[in-house]
Amino acid sequence: QVQLVESGGGLVQAGGSLRLSCAASGRTFSSYGMGWFRQAPGKEREFVAAITSSGGSIGYADSVKGRFTISRDNVKNTVFLQMNSLKPEDTAVYYCAASTSKYYSRSPVEFGSWGQGTQVTVSS
């Protein structure tokens, strides 16, 4: 089992930036992929970005490509989501998740552990 704790959310104006962090404990961090998902009020949870266990392969949702960057530090057992050029439609609770394998997936079904979420609010 993996325990995940997100931080870094907050309120920012449109065009601004935030950096989310997710600290992991439990299983060996370098053995599983990681992902970020988000859920806005009244909407389903959606994929944002994911990264393989080694960091060698990364995927993004089309809505964030070119603005968000996912990365990981396998020494510090932490995954990051750098969010630039934020838009009001990025407002949501952001969750990090640990994959059940070393690969990454865009489906939440492939992720076995989830953090508690951190709120990101982008004002216009």
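Just so it is clear, the structure is predicted and the values come from calculations on it, not from any experiment.

Quick word on the overall build of the protein
Then comes step 1: Broken down by element type, the protein carries 0 helices and 11 strands.
Then comes step 2: Along the chain direction, N to C, the helices and strands of the protein fall in the order β-β-β-β-β-β-β-β-β-β-β.
Then comes step 3: Whereas a compact globule of 124 residues would reach a radius of gyration of roughly 14 Å, the protein reaches 13 Å, a difference of no more than 12%.
Then comes step 4: When the backbone C-alpha atoms are referred to their principal axes, the protein occupies close to 40 × 30 × 25 Å.
Then comes step 5: For the protein, the residues scored as buried account for 45% of the 124 residues in total.
Then comes step 6: For the protein, the proportion of contacts with a sequence separation of at least 24, taken over those separated by at least 6, is 59%.
Then comes step 7: With the model as given, the accessible surface of the protein reaches about 6000 Å², and the carbon-plus-sulfur share is 48%.
Then comes step 8: Separation between the mean location of the 12 positive side-chain charges and that of the 8 negative ones in the protein comes to 5 Å.

Observations concerning the nonpolar core
Inside soluble globular proteins, nonpolar side chains tend to come together where they are buried.
Then comes step 1: Ranked by internal contacts, the top residues of the largest apolar core, which has 35 residues, are Met-34, Trp-36, Leu-81, Met-83 and Tyr-94.
Then comes step 2: Of all elements in the fold, only strand 1 (2-7), strand 3 (18-26), strand 4 (34-39), strand 5 (46-51), strand 7 (68-73), strand 8 (78-83), strand 9 (92-99) and strand 11 (118-123) reach the threshold of two or more residues within this core.

What about the state of the cysteines?
Two cysteines whose sulfur atoms are joined by a covalent bond form what is called a disulfide.
Then comes step 1: All chains considered together, the criterion is met by 1 disulfide.
Then comes step 2: A sulfur-sulfur distance of 2.0 Å marks the disulfide that ties Cys-22 to Cys-96. Handedness here is read from the sign of the S-S torsion; for Cys-22 and Cys-96, about 50°, the answer is right-handed. Placement of Cys-22 in strand 3 and of Cys-96 in strand 9 is noted, with a sequence separation of 74 residues between them.

Observations regarding the packing of aromatic side chains
Then comes step 1: Within the structure shown, the criterion is met by 5 aromatic pairs.
Then comes step 2: Pairing Phe-37 with Phe-111 gives two aromatic rings, centres 5.1 Å apart and planes at 80°, and the pair type is edge-to-face. Of this pair, Phe-37 sits in strand 4 while Phe-111 sits in strand 10 (residues 111-114), and the two are 74 residues apart along the sequence.
Then comes step 3: Ring geometry for Phe-37 and Trp-114: centres 5.0 Å apart, planes at 55°, overall tilted. In this pair, Phe-37 sits in strand 4 while Trp-114 sits in strand 10, placing the two residues 77 residues apart along the sequence.
Then comes step 4: Connected via pairs of aromatic rings, a cluster forms that spans Phe-37, Phe-47, Phe-111 and Trp-114.
Then comes step 5: Above the face of the Trp-114 ring, Arg-45 is positioned so that its terminal group lies 4.7 Å from the ring centre.
Then comes step 6: Taking the ring centre of Phe-29 as reference, the NZ or CZ of Arg-72 above it sits at 4.3 Å.

Some remarks on unusual backbone geometry
Negative phi characterises most residues that are not glycine, and trans characterises most peptide bonds.
Then comes step 1: At Asn-77, a residue that is not glycine, the phi angle is positive and equals roughly 55°.
Then comes step 2: As for its position among the elements, Asn-77 is in the loop between strand 7 and strand 8.
Then comes step 3: Relative accessible area serves as the criterion here: at 28%, Asn-77 is assigned to the partly exposed category.
Then comes step 4: Despite not being glycine, Ser-85 has its phi angle at roughly 50°, a positive value.
Then comes step 5: Counting through the fold element by element, Ser-85 comes out in the loop between strand 8 and strand 9.

Digging into the sheet that holds strand 8
Then comes step 1: Spatial ordering of the open sheet is given by 1-3-8-7, a layout of 4 strands whose pairing is antiparallel. The open sheet is flanked by strand 1 and strand 7, the only strands paired with a single partner. Here the strands of the sheet are splayed against their neighbours by 15° on average, with no regard to which way each runs.
Then comes step 2: Two strands pair when backbone bridges link them, and strand 1 and strand 3 are joined in this way by 6 bridges, in the antiparallel orientation. Residue pairing in the sheet places Val-2 in a bridge with Gly-26 of strand 3.

Thresholds, definitions, all that
- Residues numbered from 1 in each chain as written.
- Predicted model: local features only at pLDDT ≥ 70, side-chain atom pairs only at ≥ 80, totals over all residues.
- Heavy atoms only, no water.
- Helix = DSSP H or I, 4+ residues; strand = E, 2+ residues; numbered from the N terminus.
- Rg over C-alpha atoms; globule rule 2.2 N^0.38 Å.
- Buried < 20%, exposed > 50% of the residue type's maximum accessible area, 1.4 Å probe, protein only.
- Contact = heavy atoms within 4.5 Å.
- Areas by Shrake-Rupley, 256 points an atom, 1.4 Å probe, with all protein chains shown as cover.
- Lys, Arg positive; Asp, Glu negative; His and termini not counted.
- Charge placed at Lys NZ, Arg CZ, Asp CG, Glu CD.
- Core = buried A, V, L, I, M, F, W, Y, C linked by side-chain atoms within 4.5 Å.
- Disulfide = S-S within 2.5 Å.
- Phe/Tyr/Trp six-rings, centres within 6.5 Å; stacked < 30°, edge-to-face > 60°.
- Lys NZ or Arg CZ within 6 Å of the ring centre and 35° of its normal.
- Pairing = 2+ DSSP bridges.
- Axes fitted to C-alpha atoms, helices over the stretch in contact; angles between N-to-C directions.

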